[in-house]
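Listed below are the residues making up each chain.
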Amino acid sequence: MDLNIPNDDDLFKNFDPKIEALQELSNIGVGHAATALSQLLNRRVDMSIPRVRFVKIEEVSEYLSTSPEDVVAGIYQETSEDENGQLNLLLIFDYNSVHQLLQALISGSVPRNLEELDDFAKSILLETGNILLIHTITAINSFTESRWFPHAPSLAIDMVGALTDELVTQDPSFLKEFILVEVDVFTDQEKIKGDILLLPDSKAMNALMTTLYGENWEAMV
Amino acid sequence: MSEVLTAKIGEIQVGKSPMKLQALALGSCVGVVLYDKINKVGALAHVLLPDETNVGVHEPGKFATKAIPEALRRMELKGANRANIIAKIAGGAKMFETNSVGGVMDIGRRNIEAVIEILKKEGIQLVAQDVGENFGRTIIFDLETGSLTIRQIMNRKEYKI
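This structure is a prediction, so every number in the text was calculated from the model and none was measured.

Participant: I'm lost on the overall build of chain A in this one. Help?
Facilitator: In terms of helices and strands, chain A carries eight helices and seven strands. The burial tally for chain A puts 43% of its 221 residues in the buried class. Look at the contacts in chain A between residues 6 or more apart in sequence, and 76% of them connect residues 24 or more apart.

Okay, here's the thing in structure tokens:
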């Protein structure tokens, strides 16, 4: 496995058992998703070990992109609430990843700008995102014994800062800290970078953490 | 080039001509600009939420209820006269189409309503607005002229209000 974390010393310096376990959880989810993507693309797909961080709302767009004005594709998925609360997800593909994905899936040329994508390209992005997110949710569900059921996903292409705005302004029961999972998916031709933001409400965070660390997880944080 | 200050999420920036104030990539957030055109003092608040109900954080810039009075206070410290101050607002979009019931994702609209109400309460005249819809906006506020430039990156449009 290729760790592929250049200049990312802080991840090692601040070794955090909380992050370790979430990383393992993400690994399972993304593993499922990579298999699904492999079937979709009809070629071998490898993936990096997911990198997991806790990110504050104000800093989300800085982690996702160099400028909050960078145009990206975001696929947002809400889940139904169960006794473990609610867990929503946002998947971000940057410009290069969108380009690579579309080149792999569409015959013919791909527009140079995300602003010019037609409805067909958009529906492909939405479906690909949907597959990745549903597999991630399935993995988390089986791990936490939750029944978060994904609603219809929604695609938006715009400035990354504008897309993450909407998440940081969610219902107050949602936490103001997110779990960011970054993963690279490789084929022999493409490298696709996906950033998945897990947006748990306080109940869902509790369910996740209790599964990973037991009832007293808060003492560890 | 005049100096440009950026108000990040939840921040308030205050300045005088010839400075410019900007907020990048507003989605459902609302950018509130306040301007005293006589003294050429202005403020930009990058408002995140209508109010602090249940949130449990106390940073004034984040909430419409706190950000606007705080911005006015800071402007007066810089020499603005309350009677001259007018307001323009931009942002409050709804970026994702979702089926959520109860307006969880309709925070943009709630932000706009809250900002308008608080401006009214503070007795500040709202002279222009460019709000709602489903695209992000970057705004640049020129403290020399009081004009607010709106940039829609996705639609490749730029105009002033």
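Text resumes after the structure shown.
Participant: I tried to follow the sheet that holds strand β8 (residues 137–142) of chain B on my own but got confused; where do I start?
Facilitator: Hydrogen bonds between backbone groups are what pair the strands of a sheet, and the pairing can be parallel or antiparallel. Residue and element names in this part refer to chain B. Taken in spatial order, the five strands make up an open sheet running β1-β3-β8-β9-β10, and their pairing is mixed. Among the strands making up the open sheet, the edge pair consists of β1 (4–6) and β10 (157–160). Adjacent strand axes in the sheet meet at a mean angle of 20°, parallel and antiparallel pairs treated alike. When β8 meets strand β9 (residues 148–152), the two strands line up antiparallel, connected through four bridges. The residue of β9 that forms the bridge with Thr138 is Arg151.

Participant: Hey, could you run me through the pairing of β8(B) in this one?
Facilitator: Each regular strand carries side chains that alternate between the two faces of the sheet. Residues and elements named next belong to chain B. With six of six residues buried, β8 is to be regarded as a mostly interior element. Every second residue of β8 is oriented toward a common face, with Arg137, Ile139 and Phe141 on one face and Thr138, Ile140 and Asp142 on the other, all of them buried. Sheet analysis places strand β3 (residues 20–26) next to β8, joined by five bridges and oriented antiparallel. The partner of Ala23 across the bridge, within β8, is Ile139. The antiparallel pairing of β8 with β9 creates a hairpin that spans five residues between the two strands, and Gly146 there sits at a positive phi of about 80°.

Participant: Would you take a moment to explain the pairing of β10(B) for this structure?
Facilitator: All names here are of chain B. Examined bridge by bridge, β9 and β10 share four bridges and lie antiparallel to one another. Directly across from Thr149, in β10, lies its bridge partner Lys160. Taken together, β9 and the strand that follows it, β10, pair antiparallel across an intervening segment of four residues, in which Arg156 is found at a positive phi of about 50°.

Participant: Hey, could you run me through helix α7 (residues 202–213) of chain A in this one?
Facilitator: A turn of α-helix holds 3.6 residues, and therefore any two residues three or four places apart point the same way. All names here are of chain A. With twelve residues, α7 ought to run about 16 Å at 1.5 Å a step, and its terminal C-alpha atoms sit 16 Å apart, in line with that. Turning to α7, its buried residues number three or more, namely Ala204, Met205, Ala207, Leu208 and Met209. Count one or two residues on from α7 and you reach Gly214, which has phi positive near 90°.

Participant: I keep staring at the packing of helix α4 (residues 95–105) of chain A against helix α5 (residues 119–144) of chain A and nothing clicks. Help me out?
Facilitator: Any two packed helices are characterised by how steeply their axes cross, that is the angle between the axes, and by the distance between the axes. All names here are of chain A. Direction vectors running N to C along α4 and α5 enclose 105°, while the axes themselves pass 10 Å from each other. Classified by the interaxial angle, the pair formed by α4 and α5 is roughly perpendicular. Only Ala121, Ile124, Leu125 and Thr128 of α5 make contact with α4, whose side of the interface consists of Val98, Leu101, Leu102 and Leu105. Of the residues belonging to the contact of α4 with α5, the class tally is seven nonpolar, one polar and no charged.

Participant: So what exactly am I meant to see when it comes to the sheet that holds strand β7 (residues 125–131) of chain B here?
Facilitator: All names here are of chain B. Read across the sheet, five strands follow the order β2-β5-β4-β6-β7 without closing on themselves; strand pairing throughout is mixed. Either end of the sheet is taken by a strand with one partner, and the two such strands are β2 (12–16) and β7. Across this sheet, the average inter-strand angle for adjacent strands is 15°, counted without regard to direction. Direction of pairing for strand β6 (residues 85–91) relative to β7: parallel, over a ladder of six bridges. Residue Lys88 lies in a different strand from β7, and its bridge partner there is Ala128. Strands β2, β4 (30–36), β5 (41–47) and β6 of the sheet are contacted by helix α1 (residues 64–77), whose axis makes an angle of about 160° with β5. The sheet strands contacting helix α2 (residues 107–122) are β4, β5, β6 and β7, and the helix crosses β4 at an angle near 20°.

Participant: It is not clear to me how the confidence of the model for chain B should be interpreted in this structure. Could you clarify?
Facilitator: Any segment with low pLDDT has predicted coordinates that should not be analysed in fine detail. Across chain B, the average pLDDT comes to 88, with 89% of residues at or above 70. For this predicted complex, the interface score ipTM comes out at 0.86, while the overall pTM is 0.84.

Participant: What's the story with the nonpolar core in this structure? I'm lost.
Facilitator: Among the nonpolar cores identified, the biggest contains 109 residues, and A:Leu89, B:Val32, B:Leu34, B:Ala45, B:Val47, B:Ala71 and B:Val115 are the most heavily contacted of them. For B:Val115, the contacting residues outside a window of four places in its chain are B:Val30, B:Val32, B:Val47, B:Ala64 and B:Ile89.

Participant: Could you clarify how one ought to interpret unusual backbone geometry in this entry?
Facilitator: All names here are of chain B. With an omega dihedral of 5°, the bond running from Ser17 to Pro18 counts as a cis peptide bond. Mapped onto the fold, Pro18 is located in the loop between β2 and β3. One non-glycine residue, Ala25, adopts positive backbone phi at about 50°. Summarising the element assignment, Ala25 is placed in strand β3. A residue is classified by how many C-beta atoms lie within 10 Å of it, and Ala25, with 28 of them, is buried. The phi dihedral of Arg156 falls on the positive side, at around 50°, and the residue is not glycine. If you trace the backbone, Arg156 turns up in the loop between β9 and β10. Arg156 sits in the exposed class, given 9 other C-beta atoms within 10 Å.

Participant: Can you walk me through α2(B) in this structure?
Facilitator: Residue and element names in this part refer to chain B. With 16 residues, α2 extends 22 Å between its outermost C-alpha atoms, agreeing within 8% with the 22 Å of an ideal straight helix rising 1.5 Å per residue. Every buried residue belonging to α2 is among Ile107, Gly108, Asn111, Ile112, Ala114, Val115, Ile118 and Leu119, and all of these are buried. Buried residues of α2, seen end-on, are gathered within an arc of 165° and therefore sit on one face of the element. Residues Lys120 and Lys121 are exposed on α2 and point more than 90 degrees away from its buried face. Elements that come into contact with the buried residues of α2 comprise β4, β5, α1, β6 and β7. Gly123 lies just past α2 and shows a positive phi near 75°.

About the criteria used
- Residues numbered from 1 in each chain as written.
- Chains lettered and ligands numbered in written order.
- Predicted model: local features only at pLDDT ≥ 70, side-chain atom pairs only at ≥ 80, totals over all residues.
- Helix = DSSP H or I, 4+ residues; strand = E, 2+ residues; numbered from the N terminus.
- Buried ≥ 20, exposed ≤ 12 C-beta atoms within 10 Å, placed from the backbone.
- Contact = placed C-beta atoms within 7 Å.
- Pairing = 2+ DSSP bridges.
- Axes fitted to C-alpha atoms, helices over the stretch in contact; angles between N-to-C directions.
- Expected span 1.5 Å × (residues − 1).
- Parallel < 35°, antiparallel > 145°, perpendicular 65-115°, else oblique.
- Nonpolar A, V, L, I, M, F, W, Y, C, P; charged D, E, K, R; others polar.
- pLDDT = per-residue confidence, 0-100.
- Core = buried A, V, L, I, M, F, W, Y, C linked by C-beta atoms within 7 Å.
- Arc of directions from axis to C-beta.

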